[in-house]
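# Summary of structural features
Below, each chain spelled out in residue letters.
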Protein chains: 2
Amino acid sequence: MAATEIEQLIQILSKLPGLGPRSARRAALHLVKKKEVLLSPLSHALQRVEETVKTCSTCGNLDATDPCTICTDGRRDDSVICVVQDVADLWALERSNSFKGRYHVLGGTLSALDGIGPEDLKIDTLVNRAQSSLVTEVILATSATVDGQTTAHYIADCLENCDVSVSGLAHGVPVGGELDYLDDGTLSAALSARRKME
Amino acid sequence: MAATEIEQLIQILSKLPGLGPRSARRAALHLVKKKEVLLSPLSHALQRVEETVKTCSTCGNLDATDPCTICTDGRRDDSVICVVQDVADLWALERSNSFKGRYHVLGGTLSALDGIGPEDLKIDTLVNRAQSSLVTEVILATSATVDGQTTAHYIADCLENCDVSVSGLAHGVPVGGELDYLDDGTLSAALSARRKME
């Protein structure tokens, strides 16, 4: 029985991933109590994001500019495109600081269950980009799930007529992972892809 | 490596209770993707809360009006004041639909560890309210924790000179609770407060 304004805030907050009705109520109360240090900065941050952030028409990244800073960065390698399912995956790869080429965000994976077909993903624009003479390699960094791998195979087929080499991420033991806790699939993948010690 | 606008949003979201850096990132991405249905409603809800919600100067509840709708509701019983630690507890009691008197929000509990003394809580205003001739009973609905019970005893002492009866919530087996999973303290409290079956 909070004020209707707070009830509305709770209702919207509870739609965020990771927040249920109870935690949304806690978050709303916390926001109201910390009006100056939390509520009004959050309100302003949301407004700025609403006004400035757009989807890059080239790669599908989210940024304040279109094309995005990754697509316009002259120091990045134009010859490699890394294909990811989602912007979150692009961010994860950027945090790892291990890839200096361009990206392409699919916007999901093929999924018969959810009725997502090739026309729902940005596959045609990827093929267009891969046909450019600059591009020599496409890395398919979709998830190691059934849907992710199905999508990777489908895209590999689409890219057959383009003059690019198509690769996927390596499977194996995660760095810091204990063998005892790994699933059988990862273990056998790591075993069959074993490397010579140097 | 998201746009600075999104990074700021993530940083603020991660300060909400229940959200860490990773879930804040997920929430921010979700917001940006659902601009129309989620981001802009949330932004507007926050603005409305910022503009309208204030603390009731009588009971400490949060509402769009001061005094709040509970304090001004003529159908509620003026003779009973229920003392709670926090607005969240007031909401919980209102959801249970079992109390039709007035409330008083303390704003916390006494805590030697956190350095919270009687002057940090709204105890003097409670004593003032209890001195009104209308009030006949004060229910101390603080938590059944050490701090909560210490606070209840302290307030009971403060109210000694007021002409009101002071009561506390009953301890016992939670409705739907299994004995096997209950702690010893609750079990012995439930046993000593046993009631005649009718």
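Remember, predicted model here, so these are calculated numbers, not experimental data.

## Side note on the layout of surface pockets
Counted as a void, the largest pocket has a volume near 460 Å³. Lining the largest pocket are 19 residues, with Ala141(B), Thr142(B), Ser143(B), Ala144(B) and Leu169(B) positioned closest to its centre. Where the lining of the largest pocket is concerned, the elements lending two or more residues are helix H5 (87–96), helix H7 (146–158) and strand E6 (165–168) of chain B. Examining the composition of the lining of the largest pocket, we find that four residues originate from one element, H7(B), more than from any other. For the lining of the largest pocket, the per-class residue count stands at 10 nonpolar, eight polar and one charged. The calculated volume of the second largest pocket comes to roughly 380 Å³. Taken together, 19 residues line the second largest pocket, and the ones lying closest to its centre are Leu140(A), Ala141(A), Thr142(A), Ser143(A) and Leu169(A). Within the residue set of the lining of the second largest pocket, elements represented by two or more residues are helix H5 (87–96), helix H7 (146–158) and strand E6 (165–168) of chain A. Looking at side-chain class alone, the lining of the second largest pocket contains 10 nonpolar, eight polar and one charged residues.

## Digging into the packing of aromatic side chains
Residues and elements named next belong to chain A. Counted according to the given criterion, the structure contains two aromatic pairs over all chains. An angle of 65° between the planes, with centres 5.2 Å apart, marks the rings of phenylalanine 99 and tyrosine 103 as edge-to-face. Just as phenylalanine 99 is buried, tyrosine 103 falls in that class too.

## Brief notes about the relation of the copies chain A and chain B
The second copy of the chain is related to the first by a rotation about an axis and a shift along the axis. By a simple turn and slide, chain A fits onto chain B: the slide is 0.0 Å along the axis, the RMSD is 0.1 Å, and the turn is 180°. Viewed as a symmetry operation, the transformation between the two copies matches a two-fold axis. By C-alpha distance to the rotation axis, the residue of chain A lying nearest is Ser43(A), at 2.7 Å. Counting the interface residues of chain A, we find that 100% of their copies in chain B are interface residues as well, pointing to one common contact surface.

## Focus on the UniProt feature "domain: Toprim" (unreviewed entry) in chain A
The positions that UniProt labels "domain: Toprim" (unreviewed entry) are, in the present scheme, residues 79–174 of chain A. Counting secondary structure, residues 79–174 of chain A comes out at 32% helix and 18% strand; the distance between its end C-alpha atoms is 28 Å.

## Thoughts on the domain arrangement of chain A
When the domains of chain A are assigned, the result is domain 1 (4–52) and domain 2 (76–168). Here domain 1 of chain A and domain 2 of chain A have C-alpha centroids that lie 35 Å from each other.

## Digging into the interface of chain A and chain B
Facing the 48 residues of chain A at the interface are 48 residues of chain B. Counting each side, the surface lost to burial between chain A and chain B is near 5,000 Å², with a carbon and sulfur contribution of 72%. Asp86(A) is the salt-bridge partner of Lys33(B), the closest N and O atoms lying 2.7 Å from each other. Taken together, chain A and chain B are joined by 10 residue pairs in polar contact (both at pLDDT 80 or more). Those elements that provide at least two residues to the side of chain A that touches chain B are helix H1 (4–13), helix H2 (21–33), helix H3 (35–52), strand E2 (62–63), helix H4 (69–72) and H5 of chain A.

## Things to note about the pairing of strand E5 (residues 137–140) of chain B
All names here are of chain B. Relative to E5, strand E3 (residues 80–84) is paired through four bridges, and the arrangement is parallel. Looking at E5, one finds that valine 83 is bridged to leucine 140. Summarising the sheet, E5 and E6 pair through four bridges and their orientation is parallel. Across the sheet, isoleucine 139 pairs through a bridge with serine 167, a residue of E6.

## With respect to the sheet that holds strand E3 (residues 80–84) of chain A
Residue and element names in this part refer to chain A. Here we have four strands laid out as an open sheet, ordered E4-E3-E5-E6, and parallel in their pairing. Edge strands, defined here as strands with exactly one partner in the open sheet, are strand E4 (102–105) and E6. Across the sheet, the mean angle separating the axes of adjacent strands is 25° when strand polarity is ignored. Contacts from helix H6 (residues 123–130) reach E3, E4 and strand E5 (137–140) within the one sheet, and its direction differs from that of E4 by about 155°.

What counts, and where the lines are drawn
Residues numbered from 1 in each chain as written. Chains lettered and ligands numbered in written order. Predicted model: local features only at pLDDT ≥ 70, side-chain atom pairs only at ≥ 80, totals over all residues. Heavy atoms only, no water. 1 Å grid on protein atoms, 1.4 Å probe; cavity = no way out; pocket = protein on both sides within 12 Å on 5 of 7 lines; lining within 4 Å. Points joined across faces, edges and corners; volume = space filled by probe spheres on them. Helix = DSSP H or I, 4+ residues; strand = E, 2+ residues; numbered from the N terminus. Nonpolar A, V, L, I, M, F, W, Y, C, P; charged D, E, K, R; others polar. Phe/Tyr/Trp six-rings, centres within 6.5 Å; stacked < 30°, edge-to-face > 60°. Buried < 20%, exposed > 50% of the residue type's maximum accessible area, 1.4 Å probe, protein only. Least-squares fit on C-alpha atoms with pLDDT ≥ 70 in both. Contact = heavy atoms within 4.5 Å. UniProt positions renumbered as here; feature names shortened; annotations may be inferred. Domains from an automatic or database assignment. Buried area = accessible area lost by both parts, 1.4 Å probe. Salt bridge = Lys/Arg side-chain N within 4 Å of Asp/Glu carboxyl O. Polar contact = N/O pair within 3.5 Å; in protein donor to acceptor, adjacent residues only side chain to side chain. Pairing = 2+ DSSP bridges. Axes fitted to C-alpha atoms, helices over the stretch in contact; angles between N-to-C directions.

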